[in-house]
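Residue-level listing of the chains:
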Amino acid sequence: MNEIIELIFATNNEHKVQEIKSVLGNNIKIKSLKEAGIEIDIPEPHHTLQANASEKSNTIHQLTNKNCFSEDTGLEVEILNGEPGVKSARYAENEKQFKNNTEKLLFNLKDKTNRTAQFRTVISLILNNKEYFFVGVCKGNIIDEQRGNSGFGYDPVFMPNGSNKTFAEMPMEEKNLYSHRKKAMQQLIEFLSQFGKKSS
Ligand code: ITT
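Looking only at helices and strands, the protein features five helices and seven strands. When its helices and strands are written in sequence order, the protein yields β-α-β-α-β-β-α-β-β-β-α-α. The burial tally for the protein puts 47% of its 200 residues in the buried class. Long-range pairs, those at least 24 residues apart, make up 54% of the contacts in the protein between residues at least 6 apart in sequence. Element-wise, carbon and sulfur atoms account for 46% of the exposed surface of the protein, whose accessible area totals about 10,500 Å².

What follows is the structure, encoded as structure tokens:
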């Protein structure tokens, strides 16, 4: 891929923006919604990560007519039948009992021995008016307390397989060695590099 591809990243989550920017090569330039001057809260009304990712990228594409992508991520906990999953961002919404999503998760896993979980990221890319999907998974376990201050969301309770640290105890470069988001993004980068070769 020789030419630089510019993409709008349809997210309002600054942590995601930082993580995605940390894995890009020189040939892809990304603008967050904020950097593109777009103020919008895109609803996520669907029952799958793929449909929500598609909603976000299509909304921004219709608004800008530019190449763009979005991602939707869920934490899928085995013993909770895949919850919080697609509801990860809103898990503790309207529940006064919990300070945040992570507290509710720890409560629901109290006394449970099966702590198996995975993060799953689905990216929707709209390039030259066509949509493409990429998926990245990171398997691990939910520990029984919060550890670390880095990252965001459920990072303080998620320990990826192969490490004895939670994501929140890792600098971003270390999280990237395991991360669902990085894996999905790597596929997008590879796709764009092949796309660049075909179109040149
Ligand atoms: P956008 O829709 O604007 O991209 P969001 O924060 O609403 O941002 P999601 O709908 O994908 O993002 O919500 C997923 C939630 O799952 C998110 O709010 C976090 O709480 C959590 N989450 C996603 N990726 C995570 C990660 O890498 N580590 C920890 N928690 C994560």
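Quick look at the side chain of T121 now. Tracing the backbone shows T121 in strand β5 (residues 116–127). Residue T121 is classed as buried on the basis of its relative accessible area, which comes to 0%. Polar contacts involving the side chain of T121 include one to the side chain of T73, which spans 2.9 Å. Setting aside anything within four residues of it in sequence, one finds T121 in contact with E71, D72, T73, F134, V135, G136, H180, R181 and A184.

For strand β1 (residues 5–9), the tally of buried residues reaches four of five residues, placing the bulk of the element in the interior. Relative to strand β2 (residues 28–32), β1 runs parallel, the two being bridged by five bridges. Looking at β2, one finds that L7 is bridged to I30. For the segment spanning β1, helix α1 (residues 14–21) and β2, crossover handedness is right-handed. Bridging between β1 and strand β3 (residues 68–77) involves two bridges; their strand directions are parallel. By the bridge assignment for β3, I8 is matched with C68.

Quick notes on the rules
- Residues numbered from 1 in each chain as written.
- Predicted model: local features only at pLDDT ≥ 70, side-chain atom pairs only at ≥ 80, totals over all residues.
- Heavy atoms only, no water.
- Helix = DSSP H or I, 4+ residues; strand = E, 2+ residues; numbered from the N terminus.
- Buried < 20%, exposed > 50% of the residue type's maximum accessible area, 1.4 Å probe, protein only.
- Contact = heavy atoms within 4.5 Å.
- Areas by Shrake-Rupley, 256 points an atom, 1.4 Å probe, with all protein chains shown as cover.
- Polar contact = N/O pair within 3.5 Å; in protein donor to acceptor, adjacent residues only side chain to side chain.
- Pairing = 2+ DSSP bridges.
- Right-handed = clockwise from strand over helix to strand, strands pointing away.

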